[in-house]
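If you want the building blocks of each chain, they are given just below.
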Amino acid sequence: MNLKLILGIFFLFPTLISFSQEKKQLDHSAYKEWKRIEDHSISRDGEFISYYLKSNAEANDILMLHDQLGKTLLQYERGTKPQFSFSSDYLFFTINPDLDTLKTKRREKVKKDKLPMDSLAIRNQKSGEIRKISRLKSYKVPEKWNGWFAYQYLPEADSTNKKQLKKLKKEKAFQLVISSNSGASSYEYPAVTEYVLSEKGGKIAFVTKGDSTYSEGVYVFDTNSESLSPIFRAKGKYYSFSWDEAGSQLTFVSDLDTTKAPIHYPNLHYWKSDSAMIIASGSENGQSKDLLISEHFDNHFSKDGKTLYFGYKEMPIVQDTSLLEEEIVNVEVWSYQDKKLHTQQKIDKEADSKRSYTVSYDVGSSQFIQLGNATITEVIESDEGNSSNLLGINDQPYGERISWEGFPYYTDLYAINKETGSSTLIKSEVRGNAQMSPGGKYAYWYDVVDSAWFTYNFATKKETQITNNSQVPFYNERHDTPSHPYPYGVMSWTENDNKVLIYDRWDIWQVDPNGESKMTRITPNGREKEIKYRYIKLDEEERFIKSGQKLLLGALYEEDKSEAIFELTFKKGAKPVKKKSGDVRFRNLKKAQESNEIIYSKENFNIFPDLLITSNGFKKSTKISNANPQQKDYSWGSIELYKWTSLDGQELEGMLVKPENFDPNKKYPLMVNFYEKSADRLNNHRDPFPHRSTINYSFYASRGYVIFNPDVHYKDGYPGESAYNCVISGINSLIEDGFVDKDRIGVQGHSWGGYQVAYLVTKTDIFKCAESGAPVPNMISAYGGIRWWTGLSRMFQYEHTQSRIGGTLWEYPQRFIENSPIFYIDKINTPVLIMHNDQDGHVPWYQGIEFFVAMRRLGKPSWFLNYQGEPHWPQKLQNRIDFNIRMQQYFDHYLMDAPMPKWMKEGVPALKMGIDQGLE
């Protein structure tokens, strides 16, 4: 059944709830009507705001451009991905083909290379004139220089060039045009496979396959002089291009071997003027004979341009090409001594083959220094590559532990001197992710085993524990798995690496990285008033906090989940000043780089996150966008924080959604949907959207349902019982409130939520029906399974993380049994809809099958959905819409007395799959 037919299905049966005549119920056709705001940005001068509107289903995107007063300057259907020029005087955006036209041509079996292509639009912001470029392949706009851009296009094929174009398309070689923004000047070059713009300096490097005018090789175009320079001409492949910040130095890698030899020996090039030199090749410059120049390393210069970082890789392992197919034995050999499971090795095979070891090249002295190696596989730079202090990481000795302990990895940390390449072990068996301070004076990390922050001073060679949790805990206070708690994170560092700013649950602390002075709190009242302060970084290039700097802080009030924006001057004794607050979430903040304008959004259940702009510290805001004016025409609902006491005496909270015009004297059907803890997301907006794994709250509220999402507090070893104590107590509390129909309660959850749903229906008959997505009914068989997307053993999640058993199967066999619904399927009296897809890489789909065949064997009402080829959740739009339709039909049947659809009554035979979906 096609998507258009699915969207056309309407559900005409009456419901138990009466609605106002003035407003419509949401149905599945609303997905196409609702739009999201994507790629919002503000020009550097603050004069213009752009974004595009993307439908929640299939519809053309709409590009929008406004001025800072909110006036709409441009509304362009099929426009997408806007980008301002550096000086804000031009707007670039892509024009997509019309979706209906595209589909029509595909139905007509038009070949892919004959289908309509994207176009590029360039708008002059002063005149409003728009220039268009058709048959676009790609385009790039400079980051920090103005006046020019570059794009690639595919020429029209005719009898004279058809054969040549086919060959070039196969090589991904297209025409390159370097053009002034106005179009007054432009230069065109043939058969270009790659092009890269310098960050500054006005230069563009590109690779051409050549023609009768241009030889194959690498060229640099200087927009300042409008001149082209060939810097290296030879047949071959070129990649890993990188400019220095100033645009005066370029590096790239070449493979000039045009044979089919199993091993090629790439070259590293360096260019500053005239021709590009080969500065390293194969095993030259004192490197091991088993190492080659890596084409996979992210080659780059230090910010000061004095150091070039590149990589070496190990010699590839090649097959004996003389062997015939029937002479090759393909057998997997798994060993208990392997650091990684064989399944993980297979997933990591490509990454392992591309592993590169960091090398530095001193531009001034032409000296190479090996920094990384087979032991130190990762090197972290500091001070934007300028500092001599580097941090080395080695996690290889601890690879097997992830199978039963999970994340984060254990690592050994090394101090590396960039000038000499010498390395010194800082600390072994650190369980945490180490980083470098912005100025390069310190390495720092949080070790979950110690629940503490540490630093290493490169000058004194001293390691220091800088937090001890005596004053406040810096670990997650709400941690509830049988593992070590994570931290709340680092906000930033201060200038010259003088202090590090660290979050606790509520506040921000200024901590001495040497541990010599007392730490101080820069937010004075977070813990006392249960306000969670977090820094809003408006400058993407900001590396540290300066004294006297004005900081913007977001704040969440724990009591009612409202939010505020504060301004705090970073100096001793300063107090946060509230600038904006409300029962909303503030998001999407971006500041113009050369003015005071800030764009942002605010949202809650009823308010769509449209864009607003302020230029005076939030004293006044102007609404910019109006993405979904049709919302006012629909019955929507409201949301509130709901509190109750669990069966084991805990004070709990959750979210409660009520239909519009809610009447406490009526009885409403109740939908229960939960995962772990969601109450902090009370003020999230929920527009009609075909979710991949959960019900849509606004959709069900519009149709007369009450929705309840309870937070769950877990006890190690008893995850199922914990869910029961929290969820069932919350439902009973709602029933006692008098507005929930106790005979019309449904429950829905996915993955971990799907497991909990499966557990609950073995313990209670309170639910009229249930949907359990990607569940684990059998913790014993799942414990020995594989997470196929990563190749990891599933053991760690039962022993230490989400599944919360707290030990091995042999330590706690009874816990595994008690928490496995499969052993109690005979107790289920609730109809269950199961969704589990055959390419699930998180939860083995045989778990869903075990659940279904057990239900079927015992003759219990159950249905199983498998969206073929889909992973943990359906991703394709047509499948997501189908899943949402089936869920609505299923719940409406049991909770709203709607007729049973054909797929539930008769099933869908394999012969009819994809032909008759039984949705009527």
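Summarised in this report is the structure supplied together with it.

Analysis parameters
Residues numbered from 1 in each chain as written. Predicted model: local features only at pLDDT ≥ 70, side-chain atom pairs only at ≥ 80, totals over all residues. Heavy atoms only, no water. Helix = DSSP H or I, 4+ residues; strand = E, 2+ residues; numbered from the N terminus. Rg over C-alpha atoms; globule rule 2.2 N^0.38 Å. Buried < 20%, exposed > 50% of the residue type's maximum accessible area, 1.4 Å probe, protein only. Contact = heavy atoms within 4.5 Å. Areas by Shrake-Rupley, 256 points an atom, 1.4 Å probe, with all protein chains shown as cover. Lys, Arg positive; Asp, Glu negative; His and termini not counted. Charge placed at Lys NZ, Arg CZ, Asp CG, Glu CD. Salt bridge = Lys/Arg side-chain N within 4 Å of Asp/Glu carboxyl O. Core = buried A, V, L, I, M, F, W, Y, C linked by side-chain atoms within 4.5 Å. Phe/Tyr/Trp six-rings, centres within 6.5 Å; stacked < 30°, edge-to-face > 60°. Lys NZ or Arg CZ within 6 Å of the ring centre and 35° of its normal. Pairing = 2+ DSSP bridges. Axes fitted to C-alpha atoms, helices over the stretch in contact; angles between N-to-C directions. Polar contact = N/O pair within 3.5 Å; in protein donor to acceptor, adjacent residues only side chain to side chain. Patch = residues over 30% accessible without salt bridge, like charges linked within 9 Å, V, L, I, M, F, W, Y side chains within 5 Å. Expected span 1.5 Å × (residues − 1). Arc of directions from axis to C-beta.

Looking only at helices and strands, one finds 16 helices and 54 strands in the protein. Radius of gyration (C-alpha) of the protein: 30 Å, near the 29 Å computed for a compact globule of 920 residues. Seen through its C-alpha atoms, the protein measures out along the principal axes to roughly 85 × 75 × 70 Å. In the protein, which comprises 920 residues, the share counted as buried stands at 55%. Relative to all contacts within the protein whose residues are 6 or more apart in sequence, the contacts with residues 24 or more apart total 55%. With an accessible surface of roughly 41400 Å², the protein has 47% of that area assigned to carbon and sulfur atoms. Distance from the positive charge centre (116 side chains) to the negative charge centre (120 side chains) of the protein: 4 Å.

Under the definition given, this model contains 49 salt bridges. For Asp-113, the salt bridge identified is with Lys-169, shortest N-O distance 3.9 Å. Note that Asp-113 is positioned in the loop between helix H3 (99-107) and strand E7 (119-124) and Lys-169 in helix H4 (residues 162-170), a separation of 56 residues in sequence. In this structure Asp-113 comes out as partly exposed when scored by relative accessible area, which is 40%. We note a salt bridge from Lys-144 to Glu-199, for which the minimum N-O separation is 2.9 Å. Placement of Lys-144 in the loop between strand E9 (136-140) and strand E10 (148-153) and of Glu-199 in the loop between strand E12 (186-197) and strand E13 (203-208) is noted, with a sequence separation of 55 residues between them. Through salt bridges with shared partners, a single ionic network connects Arg-478, Glu-558, Lys-561, Glu-653 and Asp-680.

All right, on to the nonpolar core then. The biggest cluster of nonpolar side chains holds 49 residues, and the ones touching the most others in it are Leu-670, Val-672, Ile-731 and Phe-767. For Val-672, the contacting residues outside a window of four places in its chain are Phe-708, Pro-710, Val-727, Ile-731, Ile-745, Gly-746, Val-747, Gln-748 and Phe-767.

Let's shift gears to the packing of aromatic side chains. One pass over the full model with this rule turns up 60 aromatic pairs. Consider the rings of Tyr-270 and Phe-301, whose centres lie 6.4 Å apart with planes at 55°: the pair is tilted. Placement of the pair is Tyr-270 in strand E18 (residues 267-271) and Phe-301 in strand E21 (residues 300-301), with a sequence separation of 31 residues. Under the relative-accessibility criterion, Tyr-270 is labelled buried at 6%. The class for Phe-301 is buried, based on a relative accessible area of 8%. In textbook terms, an aromatic cluster arises when at least three aromatic residues are bridged by ring pairs, as seen for Trp-148, Tyr-187, Tyr-189, Phe-206, Tyr-214, Tyr-219 and Phe-221. Across from the ring centre of Tyr-824, 4.3 Å away, lies the NZ or CZ of Lys-763, which sits over that ring. Over the ring of Trp-903 we find Arg-886, and its NZ or CZ is 5.3 Å from the ring centre.

Let us now look at the sheet that holds strand E6 (residues 90-95). The strand order across the open sheet formed by four strands is E5-E6-E7-E8, and the pairing between neighbours is antiparallel. Lying at the two open borders of the sheet, with one neighbouring strand each, are strand E5 (79-84) and strand E8 (130-133). Across this sheet, the average inter-strand angle for adjacent strands is 20°, counted without regard to direction. Two elements, E7 and E8, share four bridges in a ladder whose sense is antiparallel. Bridge pairing links Leu-120 to Ile-133 in E8.

The next subject is the side chain of Asn-394. Tracing the chain through its elements places Asn-394 in strand E26 (residues 389-394). Here Asn-394 falls in the buried class, since its relative accessible area comes to 5%. Here the side chain of Asn-394 touches Thr-375 through a polar contact of 3.4 Å, landing on its backbone oxygen.

Side chains of Val-329, Val-331 and Val-333 sit close together on the surface and give an oily, nonpolar patch of about 330 Å² of accessible area. Position of Val-331 relative to the elements: it lies in the loop between strand E22 (307-314) and helix H5 (342-353). Owing to a relative accessible area of 58%, Val-331 belongs among the exposed residues under this scheme.

This part covers a positive patch on the surface. On the surface, a cluster of positive charge is made up of Lys-111, Lys-114, Lys-162, Lys-166 and Lys-170. Position of Lys-166 relative to the elements: it lies in helix H4.

Right, let's talk about the side chain of Ser-702 for a bit. Among the secondary structure elements, Ser-702 is positioned in helix H8 (residues 697-702). Within polar-contact distance, the side chain of Ser-702 engages the backbone oxygen of Ser-635 at 2.8 Å.

Our next topic: the pairing of E7. Within E7, six of the six residues are buried, leaving the element largely enclosed by the surrounding structure. In this sheet, E7 lies alongside E6 in antiparallel orientation, the contact comprising six bridges. Residue pairing across strands places Tyr-90 opposite Asn-124, the latter belonging to E7. Linking two consecutive strands that pair antiparallel, namely E7 and E8, is a turn of five residues; a positive phi of about 80° is found at Gly-128 within it.

On to unusual backbone geometry. In this structure, Pro-408 follows Phe-407 across a cis peptide bond, with omega equal to -5°. At Asp-383, a residue that is not glycine, the phi angle is positive and equals roughly 50°. Counting through the fold element by element, Asp-383 comes out in the loop between strand E25 (378-380) and E26. By relative accessible area, Asp-383 is classed as partly exposed at 24%. Backbone geometry at Glu-530 places phi at a positive 55°, although glycine is not the residue there. Among the secondary structure elements, Glu-530 is positioned in the loop between helix H7 (526-529) and strand E37 (531-536).

Looking now at the sheet that holds strand E19 (residues 277-281). Two orientations exist for strands paired in a sheet by backbone hydrogen bonds: parallel and antiparallel. Pairing within the open sheet is antiparallel, and its four strands lie in the order E16-E17-E18-E19. Across the chains shown, the open sheet's two edge strands, defined by having one partner strand only, are strand E16 (237-243) and E19. Put simply, the sheet's adjacent strands are angled 25° from each other on average, direction ignored. With five bridges connecting them, strand E17 (residues 250-255) and E18 associate as antiparallel partners. Residue pairing in the sheet places Val-253 in a bridge with Leu-268 of E18.

Another point: the environment of Leu-228. Along the chain, Leu-228 turns up in strand E15 (residues 227-233). Owing to a relative accessible area of 27%, Leu-228 belongs among the partly exposed residues under this scheme. Sequence-wise, Leu-228 and Phe-206 are 22 residues apart; in three dimensions their C-alpha atoms are separated by 11 Å. Filtering out sequence-adjacent residues up to four positions away, Leu-228 remains in contact with Tyr-189, Phe-206, Tyr-214, Tyr-219, Val-220 and Phe-221.

The next subject is a negative patch on the surface. Judged by side-chain charge, Asp-320, Glu-325, Glu-326 and Glu-327 come together as a negatively charged surface patch. Assignment of secondary structure puts Glu-327 in the loop between E22 and H5. A relative accessible area of 45% places Glu-327 in the partly exposed class.

Below, the discussion takes up H3. Where H3 begins, one side-chain oxygen reaches toward the backbone nitrogen of Asp-100, 3.3 Å away; that side chain belongs to Asp-98. Once H3 ends, the next one or two residues include Lys-109, with phi positive near 65°.

Compared with the 16 Å implied by 1.5 Å per residue over 12 residues, the 16 Å span of helix H14 (residues 846-857) between its first and last C-alpha is a close match. Of the residues making up H14, those classed as buried are Gln-847, Gly-848, Phe-851, Ala-854 and Met-855. One face of H14 carries all of its buried residues, which in axial projection span an arc of 135°. Every exposed residue of H14 that faces more than 90 degrees away from the buried side is listed here: Arg-856 and Arg-857. The inward-facing, buried residues of H14 contact helix H10 (752-760), strand E50 (769-773), helix H11 (779-783), strand E53 (832-835) and strand E54 (862-865). Just downstream of H14, Gly-859 is the residue with a positive phi angle, here 70°.

With that settled, consider the environment of Met-900. Checked against the element boundaries, Met-900 lands in the loop between helix H15 (877-896) and helix H16 (902-905). For Met-900 and Met-671, which are 229 residues apart along the polypeptide, the C-alpha to C-alpha distance reads 18 Å. Filtering out sequence-adjacent residues up to four positions away, Met-900 remains in contact with His-893, Tyr-894 and Lys-905.

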